Amino acid sequence: MPYAAGDSAKGASLFKTRCAQCHTLGAGEPNKVGPNLHGLFGRKTGQVEGFSYTAANINKGVTWDEETLFEYLENPKKYIPGTKMAFAGLKKGGDRNDLITYLKESTA
C-alpha cells in the first residue's frame, strides 16, 4: 500500500502523542532527542546540522518524501538497521498517511 493523502488533524494528534517528545517541527527550533524535522521533505537522511546521527542513518542516503517516510515509519529499525530511533513504528497505513500529511504541512 503506497502513501495516500490522509487527515492532517489526525496526523497532528499522532505527532503530539507519538513524536513530539523527541522532535520539533518549526524553523529554528532546537533538536531534541531526535532532530528538528523542519525541511524534512527533499532532505537526505542524516543531514540536520547539530544533530548526532548514527553512521547507519547518515549512510542510508535516501531522500525523504512521502513514499520513503511511509516505509520508514512502519518500522524504522528495519528500514535503517542501526538507527538509534527508539520508535517502534506505526503499523497502520492510515496512521502513517495521516502523520505524513501533517508533516508535509508542518515542516515546509
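Residues numbered from 1 in each chain as written. Predicted model: local features only at pLDDT ≥ 70, side-chain atom pairs only at ≥ 80, totals over all residues. Heavy atoms only, no water.

Q: Would you explain helix H3 (residues 66–74) in this entry?
A: Since one α-helical turn is 3.6 residues long, residues separated by three or four positions face the same way. Restricting attention to buried positions, one finds in H3 the residues Thr68, Leu69, Phe70, Tyr72 and Leu73. Looking at the buried residues of H3, the elements they touch are helix H4 (76–79) and helix H5 (93–106). Sitting at the head of H3, Asp65 places a side-chain oxygen 3.0 Å from the backbone nitrogen of Glu67. (Buried < 20%, exposed > 50% of the residue type's maximum accessible area, 1.4 Å probe, protein only. Helix = DSSP H or I, 4+ residues; strand = E, 2+ residues; numbered from the N terminus. Contact = heavy atoms within 4.5 Å. Polar contact = N/O pair within 3.5 Å; in protein donor to acceptor, adjacent residues only side chain to side chain.)

Q: Would you explain the layout of surface pockets in this entry?
A: Here the idea is plain: a probe the size of a water molecule rolls over the atoms and shows the empty space left. In this model, the largest pocket occupies a volume close to 600 Å³. As for the largest pocket, its lining consists of 32 residues, and the residues nearest its centre are His23, Gly34, Pro35, Tyr72 and Met85. Secondary-structure elements contributing two or more residues to the lining of the largest pocket are helix H1 (8–18), H3 and H5. Here the element with the most residues in the lining of the largest pocket is H3; it accounts for three residues. Across the lining of the largest pocket, the residue classes break down as 19 nonpolar, nine polar and four charged. (1 Å grid on protein atoms, 1.4 Å probe; cavity = no way out; pocket = protein on both sides within 12 Å on 5 of 7 lines; lining within 4 Å. Points joined across faces, edges and corners; volume = space filled by probe spheres on them. Nonpolar A, V, L, I, M, F, W, Y, C, P; charged D, E, K, R; others polar.)

Q: When you look at the environment of Asp95 in this model, what are you seeing that I'm missing?
A: Mapped onto the elements, Asp95 comes out in helix H5. Its relative accessible area of 25% is what places Asp95 among the partly exposed residues. Residues Asp95 and Leu73, spaced 22 residues apart in sequence, show a C-alpha to C-alpha distance of 9.6 Å. Discounting chain neighbours no more than four positions away, the residues touching Asp95 are Leu14 and Leu90.

Q: I would appreciate a short explanation of the packing of H1 against H5 in the present structure.
A: Describing two packed helices takes the angle between their axes plus the distance from one axis to the other. H5 packs onto H1 with a crossing angle of 90° between their chain directions and a minimal axis gap of 7 Å. By the angle class used here, H1 and H5 are roughly perpendicular. Residues Ser8, Lys10, Gly11, Ala12, Leu14 and Phe15 of H1 pack against Asp95, Asp98, Leu99, Thr101, Tyr102, Leu103 and Glu105 of H5. Tallied by class, the residues present in the contact of H1 with H5 amount to six nonpolar, three polar and four charged. (Axes fitted to C-alpha atoms, helices over the stretch in contact; angles between N-to-C directions. Parallel < 35°, antiparallel > 145°, perpendicular 65-115°, else oblique.)

Q: In this structure, what is going on with the UniProt feature "domain: Cytochrome c" (unreviewed entry) in the chain? I would like to understand it.
A: The positions that UniProt labels "domain: Cytochrome c" (unreviewed entry) are, in the present scheme, residues 6–107. Each end of residues 6–107 is marked by a C-alpha atom, and these two atoms are 16 Å apart; helix forms 43% of the span and strand 0%. (UniProt positions renumbered as here; feature names shortened; annotations may be inferred.)

Q: Can you help me understand the packing of H3 against H5 in this one?
A: Contact geometry of H3 with H5 gives a least axis separation of 10 Å together with a crossing angle of 130°. If you check the angle between H3 and H5, you find them oblique. Both H3 and H5 take part in a crossing whose hand is right-handed. Residues Glu66, Leu69, Phe70, Leu73 and Glu74 of H3 lie in contact with H5, whose contacting residues are Gly93, Arg96, Asn97, Leu99, Ile100 and Lys104. (Left-handed = near helix turned anticlockwise from the far one by under 90°.)

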